[in-house]
Amino acid sequence: MSPESQRKKVVLTYGTFDLFHVGHLNLLERLKALGDYLIVGVSTDEFNAGKGKQTIIPFVDRLKIVQSVKCVDLAIAEESWTQKADDIRRYGVSVFGMGADWEGKFDDLRQYCEVVYLPRTEGISSTSLKQLTRVLDKGHIEDLKQALGIISAIVDKLE
Ligand code: C2G
């Protein structure tokens, strides 16, 4: 347990944090408000592969981004589903928290610390951002232009 976290109310969470967005930030800030030392486990690329999650931003960069978020005190690697109990003990965690899409999934950790599930931020997700980047992809725009040309030619014939 890091000396700094020993004297504080420690809060812990985990996530992929791909294409970091305001939904992630809102959750981290809400979690920090529950204590005074926030530790965030960031899923490694290998662990994400196990979750069947394809990430855009590599682990090293996702870890650096999360560590640089003002309300985050320590960012660590999340390498397995089973490390949570060890991390709770190692860092003297008082509160484990996740977004509500995980409601009930980590209730087994209540034997070690308080477990909370906080409301998600609606209207934004890493998945929707990935879809948006695809639409903005130049190749995709060329396809759309060609399709538009074909449709215009058909409409001209109908007039
Ligand atoms: N989140 C949120 N609002 C959003 C999107 C995400 O509150 N619009 C929350 C999620 O509920 C989660 C955290 O932000 O608590 C991180 O989300 P992801 O990066 O999608 O993490 P996930 O892939 O769910 O991995 O062991 C737990 C896993 O590592 C969680």
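What you see is a predicted model; the values in this text were computed from it and never measured.

Conventions and cut-offs
All residue numbers here refer to positions counted from 1 along the written sequence of the relevant chain. Side-chain atom pairs in this predicted model are given and counted only at pLDDT of 80 or more, local residue features only at pLDDT of at least 70, and totals for whole chains, interfaces and linings cover all residues. With hydrogens and water stripped out, all remaining heavy atoms of the structure feed into the side-chain values. Note on aromatic contacts: the rings of Phe and Tyr and the six-membered ring of Trp form a pair at centre separations within 6.5 Å, being stacked when their planes are under 30 degrees apart, edge-to-face when over 60 apart, and tilted otherwise. To qualify as a helix, a DSSP run of H or I must reach at least 4 residues; to qualify as a strand, a run of E must reach at least 2; elements of each kind are numbered from the N terminus. Structural elements are reduced to axes, namely lines fitted to C-alpha atoms, with helices fitted over the stretch in contact, and the angle between N-to-C directions of any two is expressed from 0 to 180 degrees. Here the angle decides the label: under 35 degrees means roughly parallel, over 145 means roughly antiparallel, 65 to 115 means roughly perpendicular, and every other value means oblique. Throughout, a contact is declared for two residues whenever any of their heavy atoms are within 4.5 Å. The classification used treats Ala, Val, Leu, Ile, Met, Phe, Trp, Tyr, Cys and Pro as nonpolar, Asp, Glu, Lys and Arg as charged, and all other residues, Gly among them, as polar. For each domain, the first and last residues come from an automatic or database assignment. Here the quantity called buried area is the total loss of accessible area, with a 1.4 Å probe, experienced by two parts when brought into contact, counted for both. Salt bridges are defined by distance alone: a side-chain nitrogen of Lys or Arg within 4 Å of a carboxyl oxygen of Asp or Glu. Pairing of N or O atoms within 3.5 Å defines a polar contact, subject to two protein rules: one partner must be a possible hydrogen donor and the other a possible acceptor, and residues neighboring in sequence count only if both atoms are side-chain atoms. Only a single heavy atom is needed: when it lies within 4 Å of a molecule or strand, its residue is near that molecule or strand. Here, Shrake-Rupley sampling with a 1.4 Å probe gives the accessible areas, and only protein chains in the shown set may cover a residue.

J.: Which residues make up the packing of aromatic side chains, and what values do they have?
T.: For the structure on display, the rule yields 6 aromatic pairs. Between phenylalanine 47 and tryptophan 81 the ring centres are 5.0 Å apart and the planes differ by 70°, which places this aromatic pair in the edge-to-face class. Placement of phenylalanine 47 in helix 3 (residues 45–51) and of tryptophan 81 in the loop between strand 3 (74–78) and helix 5 (83–91) is noted, with a sequence separation of 34 residues between them. Put simply, the rings of Tyr14, Phe47, Trp81, Phe96, Trp102 and Phe106 touch in pairs and so form one group of aromatic residues.

J.: Give a detailed account of the packing of helix 6 (residues 126–136) against helix 7 (residues 138–158), specifying residues and quantitative values.
T.: Where helix 6 meets helix 7, the axes come as close as 5 Å, and the angle between the chain directions of the two elements is 60°. The angle between the axes of helix 6 and helix 7 places the two elements in the oblique class. Touching Arg134, Val135 and Leu136 of helix 6 are Lys138, His140 and Ile141, all from helix 7. Its residues placed into classes, the contact of helix 6 with helix 7 shows 3 nonpolar, 1 polar and 2 charged.

J.: Pulling in residues and values, what's your account of the domain arrangement of the protein?
T.: For the protein, the domain assignment lists domain 1 (3–122) and domain 2 (125–159). At the interface, 7 residues of domain 1 touch 4 residues of domain 2. At the boundary of domain 1 with domain 2, total buried surface from both sides reaches about 440 Å², with 62% on carbon and sulfur atoms. The tally of links from domain 1 across to domain 2 stands at 1 salt bridge. Two residues, aspartate 18 and lysine 130, come together in a salt bridge whose shortest N-O distance is 3.6 Å. The interface formed by domain 1 and domain 2 contains 3 residue pairs in polar contact (both at pLDDT 80 or more). Among the residues making up the side of domain 1 that touches domain 2, the classes are represented as 2 nonpolar, 3 polar and 2 charged.

J.: Can you tell me about the side chain of lysine 32, naming the residues and giving the values?
T.: Within the fold, lysine 32 resides in helix 2 (residues 22–32). A distance of 2.9 Å separates the side chain of lysine 32 from the side chain of aspartate 73, its partner in a polar contact. Discounting residues that sit within four places of it in the chain, lysine 32 has contacts with Tyr37, Leu38, Cys71 and Asp73.

J.: Outline the site of the ligand, supporting the account with residue identities and numerical values.
T.: The full set close to the ligand counts 21 residues, and Lys53, Glu78, Asp101, Thr121 and Ile124 are the nearest of them. Glutamate 78 places a polar side-chain atom, nitrogen or oxygen, 2.6 Å from an oxygen atom of the ligand. Here tryptophan 102 contributes a side-chain N or O atom positioned 2.9 Å from an oxygen atom of the ligand. Contact with the protein chains covers 96% of the free accessible surface of the ligand, which is 630 Å². Going through the elements one at a time, strand 1 (10–15), helix 2 and strand 4 (93–99) are the ones with two or more residues in the shell around the ligand. Considering only residue class, the shell around the ligand consists of 7 nonpolar, 8 polar and 6 charged.

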